[in-house]
Each structure stands twice: as structure tokens, then as C-alpha cells.
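Read off the chains here:
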Amino acid sequence: RAVMGGAIAEFADVSDTINGDFRRVSVITLAGILLVLALLLRSVVAPLYLVLTVLLSYGTSMGLASWIFQGLLGQPGVNYFIPLMVFVLLVALGSDYNIFLMSRVREESEGRELREGIRIASARTGAVITSAGVILAGTFAALTMSPLLVLVQVGVIVSLGVLIDTFIVRSLLVPAIAALLGDLSWWPLGRRGHDSPV
């Protein structure tokens, strides 16, 4: 039997533990968010594509950050425990924006055509979501002034994720998917006051 000790072995064990935790935390987090969205929106379809857009924001921000730190700055990569931390932050923030936008879409589309409801909801929530996203991204960007590389990486990745979520996912992608799917987004219960297809 061979046993290895020292700092390197400890870091390897911590990394393995965090990788295992990431799988468990991601499954539990996404399942919880899907349940909350399904109960709030009274739908099965909309929560699915809303969660997928949040994952898209996370994956894009991690990919861009890896390119920045490795490709541009020549660093070995992103710290091993950052993906778990950033995942929880971005999924939580993105889900907040999703709930705010889609609950407003549901309200505005009652008694009128869905596409018109989406247009009105996007216009009325756009300024609030954009302002909140810019402020939050700026707050996390302040971490890039830290001498600690870990905090710099967290600041860059979360800021990128929030900006992507604010200006692309929430402003363009989610309304476009909702408009393309029409009333299928609200399956199986449909929209109150207007259950015919768009």
C-alpha cells in the first residue's frame, strides 16, 4: 500500500471532493429551480427553457473567462473551486430575472395576444432588469481590483455572466423563445383568459 501526503495530495483530494459536490449541487439546485418555476408559472415547458438559458449564460461566461485567463493572460486556468461558486451565483441571479420577466409576461398576456403581452412585459421590465444587471456586474467587477487571483477570477466570471444574462438572454433570447413557442410555453394549464394558440 502506498500513501502520498503533502500539499499537492491535499489539493488533489479537495479538488476531487469539489468535483463530486458540483455534480450533486448542480442537480439539486436545478431541480429546485425547476420546481419553483413550475409552481409559479403553472407550466412545465417554460421552466425547462428558462433553466436552459441560465445554463447557457453560465457555460458562456465560463468559456469566455477561460479564454481570457488562459488565452490572453497566459495563466494556467481558473481555480478549481470557482465553477461551483459561480454556478450557484449565476443560476440564482438568472432565475430571479427569469421569474421577474416571465411572471410579468403571464400577467400582460392575459386577455390579449401572447406576442403583444411579451412586448409589453419586456418593455416594462427591461429598464429594471438592465439597471439591476449593470449595478450587479459593476459590483462584482470591483473584485478585479483585488490582489488575490481567486477574487479577480470570480469578479470577471460573475460580471460576464450577469451582463450576458441581462443584455442577451433576458432581453432577446427568452422573449424570442416565448414568442416562438406561443401558448405551448404555458402547457398544460394554458393562459388564463386566452387559451387559443398565438
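Placed above this text is the structure.
Residues numbered from 1 in each chain as written. Predicted model: local features only at pLDDT ≥ 70, side-chain atom pairs only at ≥ 80, totals over all residues. Heavy atoms only, no water.

Engineer: Looking at this model, I keep getting lost on the packing of helix α4 (residues 114–141) against helix α5 (residues 149–181). Mind explaining?
Structural biologist: Describing two packed helices takes the angle between their axes plus the distance from one axis to the other. Contact geometry of α4 with α5 gives a least axis separation of 9 Å together with a crossing angle of 180°. Classed by the angle they form, the pair α4 and α5 counts as roughly antiparallel. Along its contact with α4, which presents Leu114, Arg115, Ile118, Ser122, Ile129, Thr130, Gly133, Val134, Leu136, Ala137, Phe140 and Ala141, the element α5 presents Gly155, Val158, Ser159, Val162, Leu163, Thr166, Phe167, Arg170, Pro175, Ala178 and Ala179. Tallied by class, residues from the contact of α4 with α5 come to 15 nonpolar, six polar and two charged. (Axes fitted to C-alpha atoms, helices over the stretch in contact; angles between N-to-C directions. Helix = DSSP H or I, 4+ residues; strand = E, 2+ residues; numbered from the N terminus. Parallel < 35°, antiparallel > 145°, perpendicular 65-115°, else oblique. Contact = heavy atoms within 4.5 Å. Nonpolar A, V, L, I, M, F, W, Y, C, P; charged D, E, K, R; others polar.)

Engineer: I would appreciate a short explanation of the packing of aromatic side chains in the present structure.
Structural biologist: Tallying each qualifying case throughout the model produces two aromatic pairs. Between Phe22 and Phe87, the ring centres sit 5.4 Å apart and the planes meet at 70°, which makes this aromatic pair edge-to-face. Within this pair, whereas Phe22 is found in helix α1 (residues 7–41), its partner Phe87 is found in helix α3 (residues 82–108), the two being separated by 65 residues in sequence. Their ring planes at 90° and their centres at 5.2 Å tell us that Tyr58 and Phe87 sit as a pair that is edge-to-face. With Tyr58 in helix α2 (residues 45–72) and Phe87 in helix α3, this pair connects stretches of sequence that are 29 residues apart. Exposure remark for Tyr58: the relative accessible area of 12% places this residue in the buried category. Given the relative accessible area of 3%, Phe87 is considered buried. Among the aromatic side chains, those forming a connected cluster through ring pairs are Phe22, Tyr58 and Phe87. (Phe/Tyr/Trp six-rings, centres within 6.5 Å; stacked < 30°, edge-to-face > 60°. Buried < 20%, exposed > 50% of the residue type's maximum accessible area, 1.4 Å probe, protein only.)

Engineer: Sorry, what's going on with a nonpolar patch on the surface here?
Structural biologist: Where nonpolar side chains cluster on the molecular surface, the patch consists of Val44, Leu48, Leu181, Leu184 and Trp187 and spans about 460 Å² of accessible area. Mapped onto the elements of the fold, Leu184 is located in the segment after α5. Look at Leu184 and you get partly exposed, because its relative accessible area is 46%. (Patch = residues over 30% accessible without salt bridge, like charges linked within 9 Å, V, L, I, M, F, W, Y side chains within 5 Å. Areas by Shrake-Rupley, 256 points an atom, 1.4 Å probe, with all protein chains shown as cover. Salt bridge = Lys/Arg side-chain N within 4 Å of Asp/Glu carboxyl O.)

Engineer: Please explain the nonpolar core as it appears in this structure.
Structural biologist: One broad rule of soluble globular proteins: the nonpolar side chains tend to lie buried together. If you look at the biggest cluster of nonpolar residues, it comprises 42 residues, and the most contacted ones within it are Leu41, Tyr49, Leu50, Val86, Met102, Val105 and Val158. Secondary structure elements with two or more residues in this core: α1, α2, α3, α4 and α5. The leading source of residues in this core is α5, at 11 residues. Excluding anything up to four places from it in sequence, Val86 contacts Tyr58, Met62, Ile157 and Val158. (Core = buried A, V, L, I, M, F, W, Y, C linked by side-chain atoms within 4.5 Å.)

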